[in-house]
Amino acid sequence: LSTSTTKAYSIWFNADAVGFSSFSRILLCKLQGLGGSATTDGFLMGINSSNQLIARVASDNGATTKFISGIGATISTGTWYMATLINQVSTTSDTFKLFINTTEVGSTAGGGSSLSSDTRDLIIGNYDSGVQGAMPFDGKIGEFYVHSGTFGSTEVTTLFDNTKTRFGY
């Protein structure tokens, strides 16, 4: 996470199970605590109980959180999707965005104004300790990308177009 630079995380995934109860399946996580509040700065991206992408970012030492939930395409089993989370910790609008394939499914301000130490591990397909209401992802992860600097809808589309044949598109 950064207050001055956009960071983006893209992941190709194929769910083996959907339709689970009230828990979210986590695709990637760099955040401790989630239930009532985050206890560190960080983020997560996953699939909610309505089978749609979710994302959460925490800043200001966990005091400020932003959430994008229950929007976009419904995730089905047996289909490959590319999910992308773009974030810059900022009170400016559209600095926190979520994409499924090339479609933006939500955006808001990217949180507060400060970051504590960003030393938590980035976990793919599972969650950090203390993330309440979360379960590991149940499926396949094909590829994962991290981007820093300018990364927006044009770059999401380019990445999708350059990698989609590997996943049956």
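Predicted model only: the values in this text are computed from it and were never measured.

A.B. asks: Run through the overall build of the protein chain, naming residues and quoting values.
C.D. replies: When helices and strands are tallied, the protein chain shows one helix and 11 strands. Order of helices (α) and strands (β) in the protein chain, N terminus to C terminus: β-β-β-β-β-β-β-β-β-β-β-α. Scored against the burial criterion, the 169 residues of the protein chain give a buried share of 48%. In the protein chain, the proportion of contacts linking residues at least 24 apart, taken out of those at least 6 apart, comes to 62%. Of the roughly 7,000 Å² that the protein chain leaves accessible, carbon and sulfur atoms contribute 44%.

A.B. asks: I'd like a description of the nonpolar core, backed by residues and values.
C.D. replies: With 24 residues, the main nonpolar core has F13, L27, M45 and L98 as its most contacted residues. Within the residue set of this core, elements represented by two or more residues are β1 (7–15), β2 (24–30), β3 (42–47), β4 (53–59), β6 (80–87) and β7 (96–100). Ranked by residue count, the leading element in this core is β1, at four residues. Here F13 is in contact with L27, I47, L53, I75, T79, W80, Y81, A83, I100, F137, K140 and I141, once residues within four sequence places are set aside. Membership of the second largest hydrophobic core comes to 12 residues, among which are I86, F99, F151 and F160.

A.B. asks: Account for the sheet that holds β6, naming residues and giving values.
C.D. replies: Hydrogen bonds along the backbone pair up the strands of a sheet, which may run parallel or antiparallel. Spatial strand order, β8-β7-β6-β1-β11: five strands in an open sheet with antiparallel pairing. Of all the strands in the sheet, the pair left with one neighbour each is β8 (103–108) and β11 (139–148). Here the strands of the sheet are splayed against their neighbours by 15° on average, with no regard to which way each runs. Strand direction decides the pairing type here: β6 and β7, joined by five bridges, are antiparallel. Counterpart to L85 in the pairing with β7 is L98.

Criteria and cut-off values
- Residues numbered from 1 in each chain as written.
- Predicted model: local features only at pLDDT ≥ 70, side-chain atom pairs only at ≥ 80, totals over all residues.
- Heavy atoms only, no water.
- Helix = DSSP H or I, 4+ residues; strand = E, 2+ residues; numbered from the N terminus.
- Buried < 20%, exposed > 50% of the residue type's maximum accessible area, 1.4 Å probe, protein only.
- Contact = heavy atoms within 4.5 Å.
- Areas by Shrake-Rupley, 256 points an atom, 1.4 Å probe, with all protein chains shown as cover.
- Core = buried A, V, L, I, M, F, W, Y, C linked by side-chain atoms within 4.5 Å.
- Pairing = 2+ DSSP bridges.
- Axes fitted to C-alpha atoms, helices over the stretch in contact; angles between N-to-C directions.

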